[in-house]
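Structural overview for review
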Number of protein chains: 2
Amino acid sequence: MSGIGRLFAPDLAELIAEKRWDELRETIGGFDASDAAEIVADLPRDAAVTLFRILPRETAGAVFAQLPASSQEELLTGLTGGDADYLIRALTPDDQARLLDELPAEVTRRILGAIPPAELQAARDLLGYPHGTAGRVMTPRYVALKPDWTAGQALDHVRRTARSAESVDLLYVLNNGRLTAELSLAALVVADPAARLDSLPTRPLVTVPATMSQGDVVQTFAKYDRPALPVVDGTGQLLGIITADDVLDVAQDQATESMQRLGGTEALDHPYLEVNFRDMLKKRGGWLSILFFGEMLTATAMGYFQGELEKAVVLAMFVPLIISSGGNSGSQSATLLVRSLALTEVRLRDWWRVLLIELRTGLTLGVWLGMLGFVRIVAWQKLGLFDYGEFFVEVGVTVWISLVGVVLFGSVTGSMLPFLLRKCGFDPATSSAPFVATLVDVSGLVIYFVVASLVLAGKSL
Amino acid sequence: MSGIGRLFAPDLAELIAEKRWDELRETIGGFDASDAAEIVADLPRDAAVTLFRILPRETAGAVFAQLPASSQEELLTGLTGGDADYLIRALTPDDQARLLDELPAEVTRRILGAIPPAELQAARDLLGYPHGTAGRVMTPRYVALKPDWTAGQALDHVRRTARSAESVDLLYVLNNGRLTAELSLAALVVADPAARLDSLPTRPLVTVPATMSQGDVVQTFAKYDRPALPVVDGTGQLLGIITADDVLDVAQDQATESMQRLGGTEALDHPYLEVNFRDMLKKRGGWLSILFFGEMLTATAMGYFQGELEKAVVLAMFVPLIISSGGNSGSQSATLLVRSLALTEVRLRDWWRVLLIELRTGLTLGVWLGMLGFVRIVAWQKLGLFDYGEFFVEVGVTVWISLVGVVLFGSVTGSMLPFLLRKCGFDPATSSAPFVATLVDVSGLVIYFVVASLVLAGKSL
C-alpha cells in the first residue's frame, strides 16, 4: 500500500519524549487516519494520551475512530472527561454504541455524564436493540428524500447534507418515514433534473429488519451485492442503514468467533496478543476442563474392559489409533456442517440429506481406513516387526470392523450435532471439533471392546 | 427481507412443464435478480435450460450473473454455443474470469470460440494474474477522469459512462494512466462546477498492488473502511478496482477454506450439498489417511512399552485421557494462532511473544487438569468405585505429571506449527486441529510411559 511511510511507533515516541509538538502534528496530519491509528496503537499508553492532547481535535477524532477497540478503551480510561468527550463525538453512532457497550461501567458513566445527552441519543437508541442484531450495527446517518421532490431538488439536498451522512452512495425515499424506494446517487446524477423522484426507475427494494441476526445480515449482503442495505422496523419505517464495509468487519468477527469455538475455546473477543493472562486461562481452561471431565469417561469405559485388557494387552495398543480416527472424521464433518449452516448453504430441513451423505461417506472411509489398519497389523507380523501373538488375524479383523463402526459413528455424530444445537437455539459452532472427538472417544472405546470380545471370544479372550 | 414472494422452484417447474411462457417471463421479471437466481438454482437442469431459452436476454443475463458458480457451469454445459455467449457477456469481467477458470476445459473452448475475442479480452487479461491475487478479483470497469477537467465536465462524463461502470461511487483521476487521486461522486456533486479536479481536496490515496494476495486485500479493506480500492501495477498505473461487496465474498470464501483446513479436510470449493460423492471422499479421505498413517505411530510407541503395560494394565486406562487432553490444548492454540495470523493480528516476528504466552498458559492448564486427574483417581479408589491397585497414589502422580507435560507440549506445538508453515510458504491453516492432535498423541504416549517408568520404578514396574 502506498500512503504508509517509514514511520514507526519508536520515532513517534521520540518526538513525544522530546516534546517536538509541531513536528508531531505535521507528521500525523500527513497520514491516512487508518495508518496513523496503526502506529498510535503500538505506542505506550502514556505517550498515546499525550499525543491525543496535543493533536488538533479534528485529527485526533479521525485517528481515534480508526483505533482498535482495545486501544480506544485504554485511551478513554486514561483521559479525563473533558478530553474524552470530543473523541467519542468523532465516532459514528454505531461505533459509539459498540464502544459504550465494551467500556468498564465506571468509564461509561463518566463519559455519559460529560457529553450532552442529545449528542449521544443516537448511540443510546442503537443500544436498545439486542446484542448481535442488525439494529446494533446500523448507522442512523443516511440521506432521506421525499417522493415528490424533483431530481434537481434532491441533488441540492444531498449537497447540503452530505457532510453529516455516513454514506451518500445510496439515498432513501421516505413517505412519512416509510421507506418506499432506494436511489443511487449515480441515478440521481444521470436523471433529468426536472423528473419527480417517484417517476424514476428503481430496482426491487431489499430491506433488513432491525432484529435480524448479524449472521443473516452478512448472508443478505453476500447475496445481493449492494454497497448498503436499509434497516426497517416491522411497519417498514426506515431506522438506519448498514454499509458493506461495516458488514465486512462483522463477517470477519463472526468467522473468528466461529473458528475459535470450533477449535474448542470460548471466543476471545480481542486480538490474541491483547488478551490478558487471566482471560486466556478462563476462555481456554473452561472448555478444556469440561472436555477433560468428558474424557474421564474413557477411563471408566476402559475399566469395564479391564478383564479383556489383562488377557490381551495387545488390544491396548490400538486404542489411540481407533479413537483418534473417530475423532478426526467427527471433526471433519462437524467443521463442514457448522460452516455450511452459517453460510445458509445447508438449512435445518436438509438434515436427512446430510445424514444420508454422512452415512455413505463414513461407511466408505471407515472400510478404507480399516483396511489400512488390517494390512498394517498383518504386514508387521509377517515382516517380523512386532509380534501380535497367535491370533493376529483376529486382532486385525477387530481393528478393521471397529474402524468402520467408529468412523461411521464419528461422521454421523459430527454432522448431526450442529443441527441439534441450532434446533435448540445454540450456536452450532459450539459442537467444537474437540467436543465431538470426546464424544466419539468414549463410544469408540465401547465399540472397539465389544467387537474385540465378539471376534476374539474363545480365542485370546 | 421483503422482495421475496411465496414462489418456489416447484411452482416454476409447473409453469415450465405446462409451457406457460408469458406467465413465466412476467413472474421472473418481478423479482430481484438475486431472488430469481435462488429459485432457479433449485430447478432441475433441464427446466433451468428451458427457462433461460425463453427469458428476454437482459433478464436471463441478470439472473445468470447471480447464480452460484456450480449452477452457472451446469447451465453453460447444457446450452449450445449461441445461447451461452450472451449469458457470459452479461457477467462482469471478474466474474467471467472466475467462471472460465472453473469450467471444464472443453466447455471453455466452446465458449471462447463462440464469443468475439474483443468481448472477452478483459476477462483474459484478468486471467493473466496469478490465482488468489488482487488482479483476479478486480474489475476494469471504473470511471476515469482527467486532472484538468472541471467538476462540471467530470459530472457530464459520469452521466455518459455510468451505465458501463461497475461502481461510480468512487472516481479515479488519471494522469497518463497513472492514478493521481480518488474522488467520491458525492465530492463531485458538492463541488463548485467550475473547479478543476486537481484543485479539489482529496484524502490520502490507498492503493493495492495487483499481485497482493486476496487475504491481504481483505485486511486492507477491513482497515481502511472504503467502498472500493484501486488496483495498480508497479509503476502506479491504474489496472482496475475492487469493490467492498466483492471483497465480502472473498473474505467469506477464505474463512470457509481456512475453517475446512483447520477441521482436517481439504477445502471443498463448493457448497456441501453440491459436492459429489467422489470429491467428498477424496477431500476427506486424503487427510484422514495421512492422519491415520501418523496415528499408526501410536501403536508403534505403545509396542515399545508392552512390558510396562503387561505389568501394569492400569496404565492403559488413562491413555485416552492423557492424549486427548494434549490434542485438545493443541487444537485450541493452533486455531487461535491460525486465525490471528490470517487477520495479521499476529505477525511472523511475534513468534517468541506467542511462545512465552503458550508456555505460561500450557503450564498452568496442565497443572490444573493434572490435579483434576489426580483427584479423580484418588477419589475413585477411596470411594471404592474402582481398584487401581496398591500404588494408586503413584498412578495418580504419573497422570498428573504427564498431563503437565502433554498439555504444555500440545499448546506449544499447536501454536508454533502455524508459524513454521507460514515461514515455509504454506497456508498455516494446514496445521489442522487433527494434525496437531496426531502429533501430540504420539509424543504424549512417550511422555506418559517415560513418566510412568520413572514414578513406578521398583513398584508395579
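Above this text is the structure in question.
**Notes on the overall build of chain A**
Tallying secondary structure elements over chain A gives 21 helices and six strands in all. Here the C-alpha atoms of chain A give a radius of gyration of 30 Å, more than 25% beyond the 23 Å that 2.2 N^0.38 yields for 461 residues. Seen through its C-alpha atoms, chain A measures out along the principal axes to roughly 95 × 65 × 40 Å. Every one of the 461 residues in chain A was classed for burial, and the buried ones make up 56%. Taking as baseline every contact in chain A between residues at least 6 positions apart, the subset at least 24 positions apart corresponds to 67%. Within the structure as shown, chain A displays about 18800 Å² of accessible surface, and the carbon and sulfur contribution to it stands at 57%. Separation between the mean location of the 39 positive side-chain charges and that of the 53 negative ones in chain A comes to 5 Å.

**Quick look at the sheet that holds strand β5 (residues 228–232) of chain B**
Residues and elements named next belong to chain B. With respect to topology, three strands assemble into an open sheet ordered β4-β5-β6, the strand pairing being mixed. Each having just a single partner strand, β4 (208–209) and β6 (238–243) make up the two edges of the open sheet. As defined by bridge partners, β4 adjoins β5 across two bridges and the pair is classed as parallel. Its bridge partner being in β5, Pro209 is matched across the sheet by Val232.

**Examining the side chain of Ser325 of chain B**
By secondary structure assignment, the location of Ser325 of chain B is in helix α18 (residues 319–342). If we ignore the near neighbours within four places in the chain, the residues touching Ser325 of chain B are Phe292 of chain A together with Leu369, Leu403 and Val407 of chain B.

**A word on the nonpolar core**
Core analysis: the largest hydrophobic core is formed by 87 residues, its most contacted members being Phe318 and Phe449 of chain A together with Phe318 and Phe449 of chain B. Excluding residues within four positions of it along the chain, Phe449 of chain B makes contact with Met302, Phe305, Leu309, Leu315 and Val319 of chain B.

**A look at the interface of chain B and chain A**
With 119 residues of chain B at the contact, the number on the chain A side is 119 residues. Regarding the contact of chain B and chain A, the summed buried area is about 10700 Å², with carbon and sulfur atoms giving 66% of it. Counting across the interface, chain B meets chain A through eight salt bridges. The element best represented in the side of chain B that touches chain A is helix α16 (residues 277–304) of chain B, accounting for 18 residues. Residue classes in the side of chain B that touches chain A are distributed as 64 nonpolar, 34 polar and 21 charged.

**Quick notes on helix α14 (residues 214–224) of chain B**
Residue and element names in this part refer to chain B. The element α14 is largely enclosed, with a buried count of nine among its 11 residues. Those residues of α14 that sit buried are Gln214, Gly215, Val217, Val218, Gln219, Thr220, Phe221, Lys223 and Tyr224. Phi turns positive, to about 50°, at Asp225, one or two residues after α14.

**Observations concerning the relation of the copies chain B and chain A**
Overlaying chain B on chain A yields an RMSD of 0.1 Å, the required transformation being a rotation through 180° with an accompanying axial translation of 0.0 Å. Overall, the copies show the geometry of a two-fold rotation axis. Comparing interface residues between copies, 100% of those in chain B also lie at the interface in chain A; the contact surface is shared.

**Digging into the sheet that holds strand β1 (residues 144–145) of chain A**
Residues and elements named next belong to chain A. Strand order in the open sheet made by the three strands is β1-β2-β3, with mixed pairing throughout. The outermost strands of the open sheet, each flanked by one partner alone, are β1 and β3 (178–184). As paired elements, strand β2 (residues 170–175) and β3 share six bridges and run antiparallel to each other. Within the sheet, the bridge partner assigned to Val173 lies in β3 and is Ala181.

Rules used in this analysis
- Residues numbered from 1 in each chain as written.
- Chains lettered and ligands numbered in written order.
- Predicted model: local features only at pLDDT ≥ 70, side-chain atom pairs only at ≥ 80, totals over all residues.
- Heavy atoms only, no water.
- Helix = DSSP H or I, 4+ residues; strand = E, 2+ residues; numbered from the N terminus.
- Rg over C-alpha atoms; globule rule 2.2 N^0.38 Å.
- Buried < 20%, exposed > 50% of the residue type's maximum accessible area, 1.4 Å probe, protein only.
- Contact = heavy atoms within 4.5 Å.
- Areas by Shrake-Rupley, 256 points an atom, 1.4 Å probe, with all protein chains shown as cover.
- Lys, Arg positive; Asp, Glu negative; His and termini not counted.
- Charge placed at Lys NZ, Arg CZ, Asp CG, Glu CD.
- Pairing = 2+ DSSP bridges.
- Core = buried A, V, L, I, M, F, W, Y, C linked by side-chain atoms within 4.5 Å.
- Buried area = accessible area lost by both parts, 1.4 Å probe.
- Salt bridge = Lys/Arg side-chain N within 4 Å of Asp/Glu carboxyl O.
- Nonpolar A, V, L, I, M, F, W, Y, C, P; charged D, E, K, R; others polar.
- Least-squares fit on C-alpha atoms with pLDDT ≥ 70 in both.

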